[in-house]
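Structure assessment
The lines below spell out each chain.
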Amino acid sequence: APERETLTWELFGTASRELAEMVADDGYRADIVLAIARGGLFVAGALGYALDVKNLHVANVEFYTGVDERLPVPIMLPPVPNALDLSGAKVLVADDVADTGATLKLVRDFCAGVVADVRCAVVYEKPHSTVECEYVWRRTDRWINFPWSTEPPVVQREGQVLDA
Ligand code: 5GP
């Protein structure tokens, strides 16, 4: 297996700050940061603070089932962002990585015709991505380990009866 790219929590702090600087230097003043859950939530939160945008929205997209294992197409799960809330806004879509680009394409298409402007900010973009993001921190063709998903979920207890 090819070597992996590792993003630590420490490096994520640097990456998100530098990504915000790219957006600011470009003069793009977003009204809304649209996070792609779940990985994009970390990026969106960091960009929201760094760019002083308090209006954060979430799109829930399901595509990956494992390392390089995907569903046939990405699907948007509820709650779907309300088109009325995005109407006429300058939107900054935030995600962890553009891999095939299919997830970002779905969200971009969702925004098209509704918003005033939509641009994408990602920590990583892979060379084969069909969507070219406006703001990219680093490019790699490796599988990336993100700090939030490197460890397996914590072991949870059997469901408890809370109202007993
Ligand atoms: P895409 O639709 O661009 O193929 O994939 C986007 C989503 O797939 C990302 O938001 C992420 O959740 C997942 N993904 C794609 N490539 C990687 C990767 O290299 N590492 C990890 N951890 N997740 C990935």
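I will try to describe carefully the structure that is included in this document. (Residues numbered from 1 in each chain as written. Predicted model: local features only at pLDDT ≥ 70, side-chain atom pairs only at ≥ 80, totals over all residues. Heavy atoms only, no water.)

Let's shift gears to the site of the ligand. The immediate surroundings of the ligand are formed by 15 residues, with Asp-96, Asp-99, Thr-100, Thr-103 and Lys-126 found nearest. Between the ligand and Gly-101 there is a distance of 2.8 Å, counted from an oxygen atom to a backbone nitrogen or oxygen. The separation between an oxygen atom of the ligand and a polar side-chain atom of Thr-103 is 2.5 Å. Coverage of the ligand by the protein amounts to 88% of the 510 Å² it exposes when considered alone. (Near = heavy atom within 4 Å. Polar contact = N/O pair within 3.5 Å; in protein donor to acceptor, adjacent residues only side chain to side chain. Areas by Shrake-Rupley, 256 points an atom, 1.4 Å probe, with all protein chains shown as cover.)

Two strands in a sheet stick together by hydrogen bonds in their backbones, pointing the same way (parallel) or opposite ways (antiparallel). One open sheet accounts for six strands, arranged S4-S3-S2-S5-S6-S7; its pairing is mixed. The open sheet has two edge strands with one neighbour each: strand S4 (69–77) and strand S7 (135–139). This sheet shows a mean twist of 20° between the axes of neighbouring strands, independent of strand direction. The strands that helix H1 (residues 9–25) touches are strand S5 (90–98), strand S6 (117–125) and S7; relative to S7, the one it contacts most, it runs at about 140°. Running over the sheet, helix H2 (residues 39–50) touches strand S2 (32–37), strand S3 (56–66), S5 and S6 and is turned about 130° from S5. (Pairing = 2+ DSSP bridges. Helix = DSSP H or I, 4+ residues; strand = E, 2+ residues; numbered from the N terminus. Axes fitted to C-alpha atoms, helices over the stretch in contact; angles between N-to-C directions. Contact = heavy atoms within 4.5 Å.)

Shape is all these values report; function is a separate question.
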